[in-house]
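Working through the structure, step by step
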Amino acid sequence: MMFIIASIVMLMFSIGIPQEAAAEQVGVSSRNAILIEQESGRVIFEKNAHDKQRIASITKVMTAILAIESGKMGEIVTVSERATHAEGSSVYLKPGEKIKLEHLVYGLMLRSGNDTAVAIAEHVGGSLEGFVFLMNEKAAELGMSNTEFANPHGLDDHENHYSTAYDMAMLTRYAMENEKFREVTGTKVYRAPAAPGESWDRSWTNKHRLVTGMYSYATGGKTGFTKRAKRTLITTASKDGLDAIVVTLNGPDDWQDHIYMFNRAFVDYKLYNIANEGKLEDLEDSFYKDKVFISRDIKYPMTKKERDNVRVNIELVKPQKEWERSGNIPEVVGSYTLILNNEAVIETPIYFEQEKEDSGGFWSIFKNIFFIFGGKLP
C-alpha cells in the first residue's frame, strides 16, 4: 500500500493553469512542423506533427545512426555498381572503389549522397533490402508508430516510404544521444581520401546552411528534397543549456521557420534543474531519512510562469515490520513525480540505499573459511 510521505511544493501551485506547451502557429510556412526539447522530449511547438508524409533525405538520419551503431565504422566498403547508379545527389563514388564506412557516413550526412546511402546499406545490412529491414526494426524499437522505410536515402521510388514530423524528431533525439552522430552532423567541412584515379582528396561541405553559419546556435541536422516531398529539414540547436530539435516537412521557407521556432523557444523556455541525482533530503519519516535516493537529475523545460507553478510529489511504501527483522528491504521503495498543470511529466523510482555486506570481522572470516571447505569445518 502506497502513502504520501511528502508533497514538496515548488514556490506555489494553482489549479487550472492554461497549458503553455504549444506556441502560436504564427510565422511557420511549413505544412508540418515540430519543436521538442532534447533532455525530456517535451513538445514545445507542433503543427500537423503526426500527419504521415514523404520525408526525402532526412531519412538518412536513420541510415547514419544504424551505420554508427553497427560497430563497422572502421571497415572498408567495396562500392557496388548498384550504389553508383543511385539517382539524385551524389558524392560520385566509383564501382569497385574501396572506402572506409566512416567516410561514407560523412558523405551521407554532409552531402546527402544517395550513392553513399546504398553503399552503407549493402555493407551494414548485407543487402539494401536487409538494411531496410533493420531500419524498420529500429523504428519500431523507438516507437515511431507512423513511419515506414522502404529505402536508405528517401528517394520517391516506393509508395510505402513515409514518416511524420513527430517521429523524425524522436529519431533525431535518439541519434543525438550518440557522440559520434553529434560529431558527424555538426561537421561543417570534411575531407575524405581521393577517389581512384584522382590526385586530390575529396572535400565535403555541409549542405545545411544553419549549421555552416546562418544560425549561430545550430549544432547539426539534415536537409532533404524531392519533387513529391518538397523541402524537408531537421535542425538541432543549443543555447544557455537548452537543447532543441526542429523538424519541418514541405517547408517553402524552412530556414526561416527553424530560426523563428528556435528563437521563440530560447526566449520563452529554460531547462530547470528541479533535483539532483542522489539522496533525498528533508524527509520526515525516520525509517527513510538519509537512506533513499534517485538515480538521475530531474530536469524539465518550462516557461517562468510554469516554473512558478510546478510541484513535486514523493510517495514511499509504508515500512513493513518484517523488513527490520529480516533486513530484506526492496530496492525500489517509492516514486518521485514532477507535476505540471495537474499532469505528471516526469516520474522516476526512489531507491533504498542497501547496506554493504561487512567484508571484515570474525564472522565474515569464519563464513569464508566455512565455504572454502565445502560447508564443512576443517
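Residues numbered from 1 in each chain as written. Predicted model: local features only at pLDDT ≥ 70, side-chain atom pairs only at ≥ 80, totals over all residues. Heavy atoms only, no water.

A closer look at the overall build of the protein
We apply this condition: Helix and strand definitions here come from DSSP, where helices need a minimum of 4 consecutive H or I residues and strands a minimum of 2 consecutive E residues; each element is numbered from the N-terminal end. Burial status follows relative accessibility: with a 1.4 Å probe on protein chains alone, a residue under 20% of its type maximum counts as buried, one over 50% as exposed, and anything between as partly exposed. Two residues form a contact once any of their heavy atoms are found within 4.5 Å.
Secondary structure summary: the protein contains 12 helices and 17 strands in total. Of all 378 residues assigned to the protein, the portion counted as buried reaches 48%. Taking as baseline every contact in the protein between residues at least 6 positions apart, the subset at least 24 positions apart corresponds to 64%.

Brief notes about the side chain of His-208
The cut-off we apply is this: What qualifies as a polar contact is a pair of N or O atoms within 3.5 Å, subject to a donor-acceptor requirement within protein and to the restriction that residues adjacent in sequence count only when both atoms come from side chains.
Looking at the secondary structure, you find His-208 in the loop between β7 (202-205) and α8 (210-214). Among the polar contacts made by the side chain of His-208, one reaches the side chain of Thr-235 at a distance of 3.0 Å.

Focus on the sheet that holds strand β9 (residues 230-239)
Keep this limit in mind: At least two DSSP bridges between two strands are required for those strands to pair. Every axis in this analysis is a line fitted to C-alpha atoms, fitted for helices over the stretch in contact. Angles between the N-to-C directions lie between 0 and 180 degrees.
What the five strands build is an open sheet, ordered β3-β2-β10-β9-β8; its pairing is antiparallel. Lying at the two open borders of the sheet, with one neighbouring strand each, are β3 (43-47) and β8 (218-226). Each neighbouring strand pair of the sheet contributes to a mean axis angle of 5°, computed without reference to strand direction. Inspection of the sheet shows strand β2 (residues 32-37) paired to strand β10 (residues 242-249) by six bridges, in the antiparallel sense. By the bridge assignment, Ala-33 is partnered in β10 with Thr-248. Helix-sheet contacts for helix α6 (residues 165-175) involve β2, β3, β9 and β10, and the interaxial angle to β2 is about 35°.

Observations concerning the pattern of salt bridges
Here is the rule we go by: Salt bridges are defined by distance alone: a side-chain nitrogen of Lys or Arg within 4 Å of a carboxyl oxygen of Asp or Glu.
With the rule as written, the count across this model stands at 15 salt bridges. The salt bridge involving Arg-54 is made with Asp-156; its shortest N-O contact spans 2.8 Å. Taken as a pair, Arg-54 in the loop between β3 and α1 (60-69) and Asp-156 in the loop between α5 (128-141) and α6 lie far apart in primary sequence, 102 residues in all. Relative accessible area serves as the criterion here: at 26%, Asp-156 is assigned to the partly exposed category. Across the salt bridge formed by Glu-129 and Arg-82, the nearest N and O atoms sit 3.2 Å from each other. Residue Glu-129 is located in helix α5, and its partner Arg-82 is located in helix α2 (residues 81-84); the two are separated by 47 residues in the primary sequence. It is possible to trace a salt-bridge network through shared partners that takes in Arg-54, Asp-156, Glu-159 and Arg-228.

Quick word on the pairing of strand β14 (residues 298-302)
Across a regular strand the side chains alternate sides, sitting on one face of the sheet and then on the other. Most of β14 sits out of view: four of its five residues are buried. Relative to β14, strand β11 (residues 270-275) runs antiparallel, the two sharing five bridges. The partner of Tyr-272 across the bridge, within β14, is Tyr-300.

Brief notes about the confidence of the model for the protein
Worth spelling out the cut-off: Note on scores: pLDDT gives the predictor's confidence for each residue, bounded by 0 and 100.
Confidence in the prediction for the protein averages 88 pLDDT; 87% of positions are at 70 or higher. Contacts from residues 374-378, a stretch scored under 50 in pLDDT, to residues over four places away or in other chains number five contacts.

Some remarks on the pairing of strand β16 (residues 332-340)
By the criterion of burial, β16 is predominantly enclosed, with eight of the nine residues buried. Bridge analysis of strand β15 (residues 310-317) against β16 gives seven bridges, and the strand direction is antiparallel. When the sheet's bridge partners are listed, Glu-315 is paired in β16 with Ser-335. The pairing of β16 with strand β17 (residues 343-352) spans eight bridges and is classified as antiparallel. Within β17, the position partnered with Ile-339 by the bridge is Ala-344. Hairpin connection of β16 to β17: two residues between the antiparallel strands, including Asn-341 at a positive phi of 55°.

Some details on the packing of α1 against helix α4 (residues 114-125)
For any two helices packed against each other, the geometry comes down to the angle between their axes and how far apart the axes lie. Our working rule: In what follows, roughly perpendicular refers to angles from 65 to 115 degrees, roughly parallel to angles under 35, roughly antiparallel to angles over 145, and oblique to any angle outside these ranges. Here a crossing is called left-handed whenever its near helix is offset anticlockwise from the far helix by less than a right angle, and right-handed whenever the offset is clockwise. Three classes are used: nonpolar for Ala, Val, Leu, Ile, Met, Phe, Trp, Tyr, Cys and Pro, charged for Asp, Glu, Lys and Arg, and polar for all others, with Gly counted as polar.
Packing of α1 against α4 leaves a shortest axis separation of 10 Å and a crossing angle of 40°. Judged on the interaxial angle alone, α4 and α1 are oblique. The handedness of the crossing between α1 and α4 comes out as left-handed. The residues of α4 that touch α1, namely those facing Lys-60, Thr-63, Leu-66 and Ala-67, are Asn-114, Ala-117, Ile-120 and Val-124. By residue class, the composition of the contact of α1 with α4 is five nonpolar, two polar and one charged.

A few points about helix α9 (residues 254-268)
Put simply, the rule is: Expected span of a helix, by definition, is 1.5 Å for each gap between consecutive residues, and there is one gap fewer than residues.
Here α9 contains 15 residues, and its C-alpha end-to-end distance of 21 Å stays within 8% of the 21 Å for a straight helix at 1.5 Å per residue. Listed in full, the buried residues belonging to α9 are Asp-254, Trp-255, Asp-257, His-258, Ile-259, Met-261, Phe-262, Ala-265 and Phe-266. Where α9 is buried, its residues contact β2, β3, α8, β8, β9 and β10.

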